[in-house]
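Structure assessment
So you can see what is in the structure, the chains are spelled out below.
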Amino acid sequence: MEGNEEYRVEDLLRELAPQVLGFLARRHGQFDACEDAVQEALLAAATQWPVDGVPTNPRGWLITVATRRLTDLFRSENARRRREDTVAAMAGAEEFVAPGADQDQPPESDDTLTLLFLCCHPAVTPASQVALTLRAVGGLTTAEIAKAFMVPDATMAPRISRAKKSIKAAGSRFAMPPEEERADRLRVVLQVLYLIFNEGYTASSGADLQRVELTAEAIRLTRLLYQLLPDEGEVAGLLALMLLTDSRRLARSGPDGSLIPIDEQDCSVWLREPIAEGAALILRTLAHGEVGPYQLQAAIAAIHAEAPSADDTDWPQILALYLLLEKISPNPMITLNRAIALAEVEGAQAGLDLLATLDDDHRMTDNHRLDSVRAHLLERLGRLPEAREHYLAAARRTTSLPEQRYLTTKAAGLSLP
């Protein structure tokens with residue numbers, strides 16, 4: 001199979017995974033068992049489809065295989081009769097028959113959002129809520145999730161397993177949460193969608209700078225969430241932030257895949273349609289209700305997107321927004337971004353002074369961006385040996401090959417003759 005067809009299988013499986021899991025969880029109510037069964041079905045598809053070809057009805061194929069795995073599991077636990085009784089009490093006669101691989105019909109509604117909220121159940125710790133949702137809905141591997149949390153793979157795998165067991169122990173139903181629980185679980189859902197988008201926009205590892213299938217899925221899910229909760233300002237803010245950020249994707253890398261920073265990008269290549277949609281959305285949202293961190297980040301992204309060129313960017317306004325953002329949502333990454341804005345307004349030394357406040361923050365110890373931004377500001381000040389040292393340190397810390405190449409190239413350009 002040719003390379004592009006292999007990517008098609010991977011993309012298709014990522015799209016179908018939450019749909020199949022949602023279908024099985026809604027029908028059988030055994031989330032942990034359903035998730036295991038779906039993972040086995042996905043593995044079987046990833047092995048067979050590149051050889052035999054993608055079936056006419058891939059969703060039905062996955063449901064059929066996962067249902068068989070689930071049936072085998074129930075039998076092995078000697079609990080088939082009890083579960084059949086439970087299903088009989090909760091569903092009609094048609095629920096007893098799994099759809100054939102060639103007869104599957106589109107679902108009446110997309111179960112993915114219900115799955116999102118189930119993964120964010122209050123019985124699960126906040127960190128595990130995010131991890132489980134990234135696995136079940138976002139389609140990220142355990143290694144990718146571990147990278148997002150900055151923990152070893154061996155730590156993340158048991159965390160995901162414990163999360164599934166916690167949901168099972170809580171006796172959760174596959175349904176949208178009650179109104180009194182929605183706000184807390186929505187906060188985690190938004191965090192998950194943001195992490196999925198970020199993993200797609202700048203892949204944490206590998207040869208590609210971006211994983212378009214992840215950014216597209218994050219935007220799709222956030223659109224669905226916005227349709228469900230149109231009056232939630234932070235949902236609208238996150239959707240606007242994604243659209244405005246994703247508008248730059250074509251300008252972020254050269255023909256050879258090399259990284260192009262925002263101040264060197266060709267603004268004419270930025271996508272006008274998502275810029276217009278995102279800017280209009282955040283403008284409407286800011287006019288109503290309490291302002292949250294996603295709305296402020298979207299407002300910053302809108303200023304970047306609407307500037308005619310990098311030199312025309314309204315940095316004083318961006319700096320003011322970062323100051324406000326830092327007050328309502330303190331975070332070292334926000335401080336780092338404020339240092340960039342501060343350097344544009346007050347000079348590189350002011351930015352470096354602010355970066356120094358992050359040196360003792362353990363959350364930034366292995367983050368390559370701290371070294372990268374410091375190197376850039378040192379270069380602007382003409383302190384080239386120090387800049388080169390920090391570019392190389394940043395290159396060692398990132399696992400993204402395009403970022404590594406960019407940072408080592410910058411360091412090489414500062415080498416003494």
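Analysis parameters
- Residues numbered from 1 in each chain as written.
- Predicted model: local features only at pLDDT ≥ 70, side-chain atom pairs only at ≥ 80, totals over all residues.
- Heavy atoms only, no water.
- Salt bridge = Lys/Arg side-chain N within 4 Å of Asp/Glu carboxyl O.
- Helix = DSSP H or I, 4+ residues; strand = E, 2+ residues; numbered from the N terminus.
- Buried < 20%, exposed > 50% of the residue type's maximum accessible area, 1.4 Å probe, protein only.
- Contact = heavy atoms within 4.5 Å.
- pLDDT = per-residue confidence, 0-100.
- Expected span 1.5 Å × (residues − 1).
- Axes fitted to C-alpha atoms, helices over the stretch in contact; angles between N-to-C directions.
- Parallel < 35°, antiparallel > 145°, perpendicular 65-115°, else oblique.
- Nonpolar A, V, L, I, M, F, W, Y, C, P; charged D, E, K, R; others polar.
- Core = buried A, V, L, I, M, F, W, Y, C linked by side-chain atoms within 4.5 Å.
- Patch = residues over 30% accessible without salt bridge, like charges linked within 9 Å, V, L, I, M, F, W, Y side chains within 5 Å.
- Areas by Shrake-Rupley, 256 points an atom, 1.4 Å probe, with all protein chains shown as cover.
- Lys, Arg positive; Asp, Glu negative; His and termini not counted.
- Charge placed at Lys NZ, Arg CZ, Asp CG, Glu CD.
- Left-handed = near helix turned anticlockwise from the far one by under 90°.
- Phe/Tyr/Trp six-rings, centres within 6.5 Å; stacked < 30°, edge-to-face > 60°.
- Lys NZ or Arg CZ within 6 Å of the ring centre and 35° of its normal.

1. Details of the pattern of salt bridges
Per the counting criterion, the structure on display carries 18 salt bridges. The partner of Asp111 in a salt bridge is Arg26, with the nearest N and O atoms 3.0 Å apart. Pair noted here: Asp111 is in the loop between helix H4 (80-90) and helix H5 (112-119) and Arg26 is in helix H1 (residues 3-28), with a separation of 85 residues, a long-range link. Judged by its relative accessible area of 8%, Asp111 is buried. Under the relative-accessibility criterion, Arg26 is labelled partly exposed at 40%. With a shortest N-O distance of 2.8 Å, Lys164 and Asp36 are connected by a salt bridge. Note that Lys164 is positioned in helix H8 (residues 153-169) and Asp36 in helix H2 (residues 31-52), a separation of 128 residues in sequence. For Lys164, a relative accessible area of 9% corresponds to the buried category. Taking the relative accessible area as the measure of exposure, Asp36 reaches 38% and is therefore partly exposed.

2. Things to note about the environment of Val20
Residue placement: Val20 occurs in helix H1. Residue Val20 is classed as buried on the basis of its relative accessible area of 2%. Ignoring anything within four residues of it in the chain, the contact list for Val20 reads Val38, Arg59, Leu62 and Ile63.

3. Re the confidence of the model for the chain
Any residue range with low pLDDT should be treated as having predicted coordinates unsuitable for detailed reading. Counting all residues, the mean pLDDT for the chain is 85, and 88% of those residues have values of 70 or more. When pLDDT is averaged over each helix and strand of the chain, the minimum, 49, is found for H4 and the maximum, 97, for helix H16 (residues 348-355). Under a pLDDT of 50 for its full length, residues 87-99 has, in the predicted model, 15 contacts with residues more than four places off or in other chains.

4. Quick notes on helix H11 (residues 233-246)
For H11, with 14 residues, the first-to-last C-alpha span of 20 Å sits near the 20 Å given by 1.5 Å per residue. Most of H11 is tucked away: 13 of the 14 residues are buried.

5. Considerations on the packing of helix H9 (residues 179-201) against H11
Packing of H9 against H11 brings their axes to within 11 Å, and their N-to-C directions diverge by 5°. Between H9 and H11, the crossing angle belongs to the class labelled roughly parallel. In this structure, H9 contributes Leu186, Leu190, Leu193, Tyr194, Phe197 and Tyr201 to the contact, and H11 contributes Glu234, Val235, Leu238, Leu241, Met242, Thr245 and Asp246. Residue composition of the contact of H9 with H11, by class: 10 nonpolar, 1 polar and 2 charged.

6. As for the nonpolar core
If you look at the biggest cluster of nonpolar residues, it comprises 84 residues, and the most contacted ones within it are Phe31, Trp49, Leu62, Leu193 and Leu225. Sequence-distant contacts of Leu62, defined by excluding residues within four places in its chain, comprise Leu13, Leu16, Val20, Ala41, Leu42, Ala45 and Trp49. Listed in part, the 35 residues of the second largest apolar core include Ile334, Leu378, Ala411 and Leu414.

7. Side note on H5
Taking burial as the measure, the 8 residues of H5 include 8 buried ones, the bulk of the element. All buried positions along H5 are accounted for by Thr112, Leu113, Thr114, Leu115, Leu116, Phe117, Leu118 and Cys119.

8. A look at a negative patch on the surface
Side chains of Asp263, Glu264, Asp311 and Asp312 sit close together on the surface and give a patch of like negative charge. Among the structural elements, Asp311 can be located in the loop between helix H13 (293-306) and helix H14 (315-328). Take Asp311: its relative accessible area is 75%, and that puts it in the exposed class.

9. Let's talk about the packing of helix H17 (residues 368-380) against helix H18 (residues 384-397)
Packed helix pairs are characterised by how far apart their axes lie and by the angle those axes make with each other. H18 packs onto H17 with a crossing angle of 160° between their chain directions and a minimal axis gap of 8 Å. In this view, H17 runs roughly antiparallel relative to H18, as classed from their interaxial angle. Between H17 and H18 lies a crossing whose hand is left-handed. Counting all contacts with H17, which are made through His368, Asp371, Ser372, Arg374, Ala375, His376, Leu378 and Glu379, the residues of H18 involved are Leu384, Glu386, Ala387, His390, Tyr391, Ala393, Ala394 and Arg397.

10. Some thoughts on the packing of aromatic side chains
Enumeration according to the criterion identifies 3 aromatic pairs in this entry. Relative to Tyr294, the ring of Tyr194 has its centre 5.4 Å away and its plane inclined at 80°; by these criteria the two rings are edge-to-face. Here Tyr194 is found in helix H9, whereas its partner Tyr294 is found in helix H13, with 100 residues between them in sequence. Tyr294 sits in the buried class, given a relative accessible area of 11%. Between the NZ or CZ atom of Arg252 and the centre of the ring of Tyr201, over which it lies, the distance is 3.6 Å.

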